[in-house]
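# Structure assessment
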Amino acid sequence: MSLELWWGSGSPYSWRALLALEYKRLPYVSHQVQFAKQEHKSPQMLSMNPRGRVPVLKDGDYVCFESLAILHYLDRKFPDPPLFGRTPEEAGTINRVISEYEWYAEDHIQKLIYVILFQGIEGHMEEIERAMSHMLSEARTIETRLASSDWLVGEQFSAADIVVFPGIQMLLRALERREAQELRERLLPIDANFPAIARWIKRVEALPGYDNTYPPHWRK
Ligand SMILES: N[C@@H](CCC(=O)N[C@@H](CS)C(=O)NCC(=O)O)C(=O)O
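To keep things clear, this report deals only with the structure shown in the data block. Quick caveat: nothing in here was measured; it's all calculated off a predicted structure.

### As for the site of the ligand
Inspection of the region around the ligand gives Ser-11, Pro-12, Tyr-13, Phe-35, His-40, Lys-41, Gly-52, Arg-53, Val-54, Pro-55, Glu-66 and Ser-67 as its neighbouring residues. The side chain of Lys-41 places a nitrogen or oxygen atom 2.7 Å from an oxygen atom of the ligand. Val-54 places a polar main-chain atom, nitrogen or oxygen, 2.9 Å from a nitrogen atom of the ligand. Summarising the interface, the protein chains cover 76% of the accessible area of the ligand, which totals 520 Å² for the free molecule. Judged by the proximity of its atoms to the pocket grid, the ligand belongs to the largest pocket.

Okay, here's the thing in structure tokens:
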């Protein structure tokens with residue numbers, strides 16, 4: 001039975017699933033859904049994920065949604081190369097770094113992306129300042145980790161890198177918007193302000209199969 005993945009371009013959660021499949025060199029049938037056409041809310045999609053969200057993975061009769069669950073499923077089913085480490089200690093640390101990102105960074109990153117792309121910066125400076133301050137503090141933590149190691153946990157690319165990477169790329173992309181100039185100047189250039197993160201981004205981009213995960217509409 002072949003693996004099938006339903007995903008959307010520019011969805012950080014979809015990007016996680018694509019990175020995992022490519023890193024493990026697994027063949028899969030790719031179904032890109034068009035958000036603009038509401039394809040993720042079609043009866044077929046809702047029958048697989050009643051929340052109408054992507055990514056959704058199908059393996060034979062088994063359907064899995066929620067990006068983190070997909071990473072765990074793929075790792076149990078196809079253990080090599082591992083996403084959650086080779087030892088209990090590595091697994092513990094990888095899951096801890098993922099939890100830290102999801103609890104302390106992700107909401108603030110999402111907030112900044114939402115304000116820049118959809119809401120508009122004007123009139124929201126107070127919430128932006130709050131989100132920026134939290135996000136910068138978490139970015140410094142990630143920078144410190146990456147200053148002494150190529151990957152977020154241990155010596156191998158792992159689920160921790162997969163979870164964090166798309167969020168950071170989305171934020172950098174949003175900061176390219178003209179209206180984000182003032183915010184951009186506080187963070188960029190990334191090579192000067194967060195050199196270890198900049199080197200890590202290049203490392204992820206150099207992974208085999210990375211190009212297949214890159215949001216297609218970003219190339220346009
Ligand atoms: N917690 C979910 C989040 C999935 C999610 O929110 N996906 C977005 C795209 S980034 C989506 O499908 N949104 C469509 C909608 O909410 O209608 C995961 O990790 O997979």
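The rest of the description comes next.
### With respect to the packing of helix α5 (residues 106-119) against helix α6 (residues 125-147)
As a packed pair, α5 and α6 sit with axes 8 Å apart at the nearest point and diverge in direction by 140°. Between α5 and α6, the angle falls in the class oblique. In terms of crossing hand, the pair formed by α5 and α6 is left-handed. Contact with α5, carried on its side by His-108, Ile-109, Lys-111, Leu-112 and Val-115, involves Glu-127, Ile-128, Ala-131, Met-132, His-134 and Met-135 of α6 and no other residues of that element.

### With respect to empty space enclosed by the protein
Gaps between atoms show up when a probe of the same size as a water molecule is rolled over them. Inspection of the entire model under this criterion finds 4 cavities of 30 Å³ or more. Each pocket or cavity is described by its volume, and for the largest cavity that value is around 170 Å³. Surrounding the largest cavity, 16 residues form its lining, Met-135, Ala-139, Ile-168, Leu-171 and Ile-197 being those nearest its centre. Among the elements of the structure, α6 and α7 (159-175) are those that each provide at least two residues to the lining of the largest cavity. Tallied by class, the residues present in the lining of the largest cavity amount to 15 nonpolar, no polar and 1 charged.

### Section: unusual backbone geometry
In this structure, Pro-55 follows Val-54 across a cis peptide bond, with omega equal to 15°. Within the fold, Pro-55 resides in the loop between α2 (43-48) and β3 (56-59). The omega torsion of the bond from Asp-80 to Pro-81 falls at -5°, within 30 degrees of zero and hence cis. Along the chain, Pro-81 turns up in the loop between α3 (67-77) and α4 (88-104). Phi angles above zero are rare outside glycine, and Gln-38 is one such case at about 60°. Within the element layout of this structure, Gln-38 appears in the loop between β2 (28-33) and α2. The partly exposed category is assigned to Gln-38, whose relative accessible area is 45%. The backbone of Glu-66 sits at a positive phi, close to 80°, despite the residue not being glycine. Looking at the secondary structure, you find Glu-66 in the loop between β4 (62-65) and α3.

### Digging into the sheet that holds strand β1 (residues 3-8)
The 4 strands lie next to each other as β2-β1-β3-β4, forming an open sheet whose pairing is mixed. The two strands at the open ends of the sheet, each matched to only one other strand, are β2 and β4. Neighbour-to-neighbour, the strand axes of this sheet turn through a mean angle of 15°, independent of strand direction. Strand direction decides the pairing type here: β3 and β4, joined by 4 bridges, are antiparallel. Each residue of the ladder has a partner; that of Lys-58, found in β4, is Val-63. Each of β1, β2 and β3 touches helix α1 (residues 12-23); the most contacted strand, β1, lies at about 145° to it. Most of the contacts of α3 go to β4, to which it runs at about 135°, and overall it touches β1, β3 and β4.

Conventions and cut-offs
- Position numbers for residues count from 1 along each chain, tracking the sequence in the order it is written.
- Only residues with pLDDT of 70 or above have their local features reported here, since the model is predicted, and side-chain atom pairs are shown and tallied only from 80 upward, although totals for entire chains, interfaces and linings are computed over all residues.
- Just so you know, side-chain values use all the structure's heavy atoms and leave hydrogens and water out.
- By convention in these notes, a residue is near a molecule or strand provided one of its non-hydrogen atoms lies within 4 Å of it.
- Polar contacts, as used here, are pairs of N or O atoms within 3.5 Å; protein pairs need one atom able to donate a hydrogen and one able to accept it. Residues neighboring in sequence count only if both atoms are side-chain atoms.
- A 1.4 Å probe and the Shrake-Rupley method give the accessible areas. Residues count as covered only by the protein chains that appear here.
- In this analysis the probe radius is 1.4 Å and the grid spacing 1 Å, with only protein atoms considered; a cavity is a set of points the probe fits into but cannot get out of, a pocket is an open set with protein on both sides within 12 Å along at least five of seven lines, and lining residues have an atom within 4 Å of a point.
- Here the criterion for a molecule occupying a pocket or cavity is that more than half of its atoms lie within 2 Å of the pocket grid points.
- Angles shown run from 0 to 180 degrees and are taken between the N-to-C directions of axes, each axis being a line fitted to C-alpha atoms and, for helices, limited to the stretch in contact.
- Under the DSSP-based scheme used, a helix requires at least four consecutive residues in state H or I and a strand at least two consecutive residues in state E, with every element numbered from the N terminus.
- Throughout, the term roughly parallel applies to angles under 35 degrees, roughly antiparallel to angles over 145, roughly perpendicular to angles from 65 to 115, and oblique to all others.
- By the definition used in this description, the sense in which the near helix is turned from the far one sets the handedness, with an anticlockwise turn below a right angle giving left-handed and a clockwise turn giving right-handed.
- Throughout, a residue-residue contact means that at least one pair of heavy atoms, one from each residue, lies within 4.5 Å.
- Grid points are joined across faces, edges and corners, and a volume is the space filled by probe spheres set on the points.
- As a working rule, the residues Ala, Val, Leu, Ile, Met, Phe, Trp, Tyr, Cys and Pro are called nonpolar, Asp, Glu, Lys and Arg charged, and the rest polar, with Gly in that last group.
- Only protein chains enter the calculation, and the probe is 1.4 Å; a residue is then buried if its accessible area is under 20% of its type maximum, exposed if over 50%, and partly exposed in between.
- If DSSP finds at least two bridges between two strands, the strands pair.

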